[in-house]
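For reference, the chains in residue letters:
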Amino acid sequence: MKKVAWKKHSVLIIAIIATWITTYVGYLTSFNLKIENVMQQFILFMNPLSFLLLIYGIALFIKNAKKRNIYILSISIITSIIMFSNAVFYRFFNDFITLPVLFQTSNFRDLSSSVTTNMHLLDVFFFTDVIIIALAIRYIPQGDHNDIRSKIGRKLYFVATAAILMINLGLAEMERPQLLTRSFDRELLVKNIGTYNYHIYDLFIQSKTHAQRALADGSELVEVGNYINANYAAPDPEMYGIAKGRNVITVSLESLQNFVINNEMNGNEITPFLNELTRDPDTFYFSEFYHQTGLGKTSDSEFILENSLFGKSDSAVFFTNSGNTFDSLSERLGENGYYTNVMHANNRSFWNRDIMYGALGTEKFYDVESYDVDESNSVGWGLKDKPYFDQSVEIMKGMPKPFYSRMITLTNHHPFTLGEEDISIPEYDSNSNTLNRYFQTVRYMDEAVKLFFDDLKASGLYDNSIIIMYGDHYGISENHNKAMGMYLDKEITPYDNATLQKVPLYIHIPGYGKGHEVKEVAGQIDLRPTILHLAGIDTKGDMQMGADLFSPDHEQFVPFRDGRFVTDKNVYAKEVCYDSETGEETDSAECEPFIERTATELGYSDLIINGDLLRFKEKNEVSPEKDASK
Ligand code: GP9
Ligand code: MN
């Protein structure tokens, strides 16, 4: 009977194997996938299988032999075209195709012109399976089949397919926890679930986004706009335009929490340079400043800084809404003559940055390819912060002025590892190795930032720049509460977990002389209006949820993406209202109005993003100053 089944379905079996192998060989020859261990190699090998079993398996329902063969051949042509297009696309963009890129390429070089130049003769290889299948159809005679037994066989076949998919997803989840919820990186997706499943996943995410978008018609913009206008905080005339014409440099300090600043660990000063800056007359140091990121971590902090809108509650907005229209900080500075760029020595597709930066109007992304990276200057996630800053300043020297450079550091990232040569202070001695090492990588970052300032001074760029540095999100999660409790010498409550979300913010204006510590409760959402006002660019009428930090009207209220919030009087966490001074539980009536407002602000931000509402907003509609400056 086995023999009969093999004979009956030989074309199908040949098709599955031929496309499977062609796909796998395609992975190895056309994409630069970094495979680190045997398990990853195995996942890569097996990942095309579940999809191929499913899609070719539909042939089992087609009784007529001729139609069945046409179906199988068509599928092989389609899968070959998918692999072939990705290979051509990859040569140019170093990335896999995602749907928004097919609709939105205006900010990158023209796709179509590059396609032909990136096709290679050897690409016919991708159609090897088609040829094999065509030959099989030609030489292996097949009849119609329509019997009872095949129904049971079919069931078994699809159960096996589902099982293979589950095994694949299970292994992928082991290799990369939260792969599908956080998305991270297209390369990781392809490596773990395969090109075909990846495209289905992409289609799913993008259709969800499109459906939400299709339901919006712009009428919501009025309601949201009214709320935003009512909360507009006019700039302090003393500060407005104080950095006009200067280069704007923002630095995202990876995983840096505020608790290490002006603090020590077993007698060792953790951040000598950043501590010195808190007392520097050219620096405003914000000691009650919070990150507001969600699942999208670094990318959320980038999104918040650029748009003064929140990320999403259940996914990374960089992945779900890279096709939206934005009114970003980059775009606004760009319109005002700045050369806008991002400097980050990682894959361009990580967090979907390459696509999102296009939507944000960033002119240039200096990704890993723009840096000299090798074994000797890398650790953990890649290029170490010291050489990163060194090389970045070299690149900056050649940039048109003024520029807006958004820098993203990397070394102080989980798992917080360093080579011996970069360790300046001992490990901590708690039960958490993560926290123990954290102090060391934080210290390394502190030294790197000092070096950066020295380099900027030496390059002559320093005096005509303004440098804004902030922690992107927490580095030590609640899983390390016990160790944190030991370090802070107290039992960690939900109140502490909320206040531990403080990240340092430095606004450094060389030559200013009147800087000081600011204890205003504030958040990342406030960065966009603050920076634009310092640069002398008005933001009245902009669809932003934050307010200028220097404005007398700035309110001390910071909603977190998960519904917690902090004001100057209270902290609200785990549905408990705390007194912000004492950390003790207090009358819930004190928090009540802000619970409501947190929901409103998060809701309005979601409305803007999900409905892609900014596409309905007339450019320059409500910003007369901006027109005047042109
Ligand atoms: C990756 C870096 C880290 O490029 O930004 O991302 P994270 O894991 O912190 O979101
Ligand atoms: Mn980060």
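Remember, it's a predicted structure, so these values are computed and weren't measured experimentally. (Residues numbered from 1 in each chain as written. Chains lettered and ligands numbered in written order. Predicted model: local features only at pLDDT ≥ 70, side-chain atom pairs only at ≥ 80, totals over all residues. Heavy atoms only, no water.)

Per the secondary structure count, the protein chain includes 24 helices and 18 strands. For the protein chain, the C-alpha radius of gyration of 27 Å lies close to 25 Å, the compact-globule estimate for 630 residues. Along the longest, intermediate and shortest principal axes, the C-alpha atoms of the protein chain span 85 × 60 × 55 Å. Split into buried and exposed, the 630 residues of the protein chain put 59% on the buried side. Taking all contacts inside the protein chain whose residues are at least 6 apart in sequence as the whole, residues at least 24 apart take part in 77%. (Helix = DSSP H or I, 4+ residues; strand = E, 2+ residues; numbered from the N terminus. Rg over C-alpha atoms; globule rule 2.2 N^0.38 Å. Buried < 20%, exposed > 50% of the residue type's maximum accessible area, 1.4 Å probe, protein only. Contact = heavy atoms within 4.5 Å.)

Turning next to helix α12 (residues 220-230). Buried within α12 are the following residues: Leu221, Val224, Gly225, Tyr227 and Ile228. For α12, the angular spread of buried residues about the axis comes to 160°, placing them on one side. Away from its buried face by more than 90 degrees, α12 exposes Val222, Asn226 and Ala230. On its buried face, α12 is in contact with α23 (592-610). (Arc of directions from axis to C-beta.)

Right, let's talk about the coordination of the manganese ion (ligand 2) for a bit. Surrounding the manganese ion (ligand 2) are the protein donor atoms Glu254 (OE), Glu254 (OE), Thr298 (OG1), Asp472 (OD) and His473 (NE2), which sit 2.1 to 2.3 Å from the metal. Read N to C, the donor residues that coordinate the manganese ion (ligand 2) are spaced as E-x43-T-x173-D-H. Within this pair, whereas Glu254 is found in the loop between β1 (247-253) and β2 (264-265), its partner Thr298 is found in helix α14 (residues 297-307), the two being separated by 44 residues in sequence. Considered together, Glu254 and Thr298 belong to a single accessibility category, that of buried residues. (Donors = N, O, S within 2.8 Å, 3.2 Å for Na, K, Ca; no water.)

Surveying the vicinity of ligand 1 reveals 13 residues, the closest of which are Thr298, His344, Asn346, Arg353 and His413. In the environment of ligand 1, an oxygen atom lies 2.7 Å from a nitrogen or oxygen atom belonging to the side chain of Asn346. Between ligand 1 and His413 there is a distance of 2.8 Å, counted from an oxygen atom to a side-chain nitrogen or oxygen. By residue class, the composition of the shell around ligand 1 is four nonpolar, five polar and four charged. (Near = heavy atom within 4 Å. Polar contact = N/O pair within 3.5 Å; in protein donor to acceptor, adjacent residues only side chain to side chain. Nonpolar A, V, L, I, M, F, W, Y, C, P; charged D, E, K, R; others polar.)

What follows concerns the domain arrangement of the protein chain. The domains assigned to the protein chain are domain 1 (2-211) and domain 2 (237-551). Look at where the C-alpha atoms of domain 1 and domain 2 centre, and you get two points 40 Å apart. The contact between domain 1 and domain 2 buries some 1,800 Å² in all, and 48% of this surface belongs to carbon and sulfur atoms. At the boundary of domain 1 with domain 2, the tally comes to one salt bridge. Between Arg186 and Asp354 there is a salt bridge, with the nearest N and O atoms lying 3.3 Å from each other. Taken together, the links from domain 1 to domain 2 amount to three residue pairs in polar contact (both at pLDDT 80 or more). Secondary-structure elements contributing two or more residues to the side of domain 1 that touches domain 2 are α6 (99-103), α10 (179-182) and α11 (186-214). Per-element accounting of the side of domain 1 that touches domain 2 gives the leading share, six residues, to α11. A per-class count over the side of domain 1 that touches domain 2 returns six nonpolar, nine polar and seven charged. (Domains from an automatic or database assignment. Buried area = accessible area lost by both parts, 1.4 Å probe. Salt bridge = Lys/Arg side-chain N within 4 Å of Asp/Glu carboxyl O.)

Before going further, it helps to examine helix α19 (residues 433-459). Taking 1.5 Å as the rise per residue, α19 with 27 residues should run 39 Å; its terminal C-alpha atoms sit 39 Å apart, in good agreement. Most of α19 is tucked away, with 19 of its 27 residues classed as buried. After α19 finishes, the residue Gly460 shows a positive phi value of roughly 85°. (Expected span 1.5 Å × (residues − 1).)

The next point concerns the packing of helix α18 (residues 385-397) against α19. For the pair α18 and α19, interaxial distance at closest approach is 8 Å and the crossing angle is 20°. The angle between α18 and α19 falls in the class roughly parallel. Handedness of the crossing formed by α18 with α19: right-handed. The residues of α19 that touch α18, namely those facing Asp385, Lys386, Pro387, Phe389, Asp390, Val393, Met396 and Lys397, are Tyr444, Met445, Glu447, Ala448, Val449, Leu451, Phe452, Asp455, Leu456 and Ser459. Considering only residue class, the contact of α18 with α19 consists of 11 nonpolar, one polar and six charged. (Axes fitted to C-alpha atoms, helices over the stretch in contact; angles between N-to-C directions. Parallel < 35°, antiparallel > 145°, perpendicular 65-115°, else oblique. Left-handed = near helix turned anticlockwise from the far one by under 90°.)

To continue, consider the sheet that holds strand β15 (residues 557-559). Ordered by their spatial adjacency, four strands build an open sheet running β15-β16-β17-β18, and the pairing between neighbours is antiparallel. Taken across any chain shown, the strands that pair with only one partner, and hence form the sheet edges, are β15 and β18 (576-579). Neighbour to neighbour, the strand axes of the sheet diverge by 10° on average, direction disregarded. Strand direction decides the pairing type here: β15 and strand β16 (residues 565-567), joined by three bridges, are antiparallel. (Pairing = 2+ DSSP bridges.)

Here we come to the pattern of salt bridges. Following the criterion strictly, the structure yields 29 salt bridges and no others. Between Asp454 and Lys450 there is a salt bridge, with the nearest N and O atoms lying 3.8 Å from each other. Residue Asp454 and its partner Lys450 are both found in helix α19; the two are separated by four residues, about one turn of the helix. Across the salt bridge formed by Arg528 and Asp542, the nearest N and O atoms sit 3.0 Å from each other. With Arg528 in helix α22 (residues 527-534) and Asp542 in the loop between α22 and β15, this residue pair connects regions lying 14 residues apart in the sequence. You'll find Arg528 and Asp542 in the same group, each marked buried. Each member of the salt-bridge network shares a partner with another, and the members are Asp327, Arg332, Glu335, Arg528 and Asp542.

A separate point is the packing of aromatic side chains. How two aromatic rings sit relative to each other is set out by the distance from centre to centre and by the angle between their planes. Scanning all chains against the criterion turns up 40 aromatic pairs. For the pair Phe273 and Phe453, a centre-to-centre distance of 5.2 Å together with 70° between the ring planes defines the contact as edge-to-face. In this pair, Phe273 sits in helix α13 (residues 272-278) while Phe453 sits in helix α19, placing the two residues 180 residues apart along the sequence. A residue is classified by how much of its surface remains accessible, and Phe273, at 9% relative accessible area, is buried. (Phe/Tyr/Trp six-rings, centres within 6.5 Å; stacked < 30°, edge-to-face > 60°.)

Once that is clear, we can look at the sheet that holds strand β10 (residues 403-408). The strand order β7-β6-β10-β1-β11-β12-β4-β13 describes an open sheet built from eight strands, whose pairing is mixed. With one partner strand each, in any of the chains shown, β7 (364-366) and β13 (517-518) form the two edges of the open sheet. For strand β11 (residues 465-471) and strand β12 (residues 505-508), the ladder comprises four bridges, and the chain directions are antiparallel. Residue pairing for β12: Tyr470 is matched across the bridge by Leu505. Sheet contacts for α14: β1, β10 and β11; angle to β10, the most-contacted strand, approximately 155°.

Taking the numbering used here, the UniProt-annotated feature "binding site: substrate" (unreviewed entry) corresponds to His413. Summarising the element assignment, His413 is placed in the loop between β10 and α19. Residue class for His413 comes out buried when judged on its relative accessible area of 18%. Those residues in contact with His413, other than ones at most four positions away along the chain, are Glu254, Ser255 and Trp381. Within the structure, the side chain of His413 is placed 3.2 Å from the side chain of Trp381, a separation counted as a polar contact. (UniProt positions renumbered as here; feature names shortened; annotations may be inferred.)

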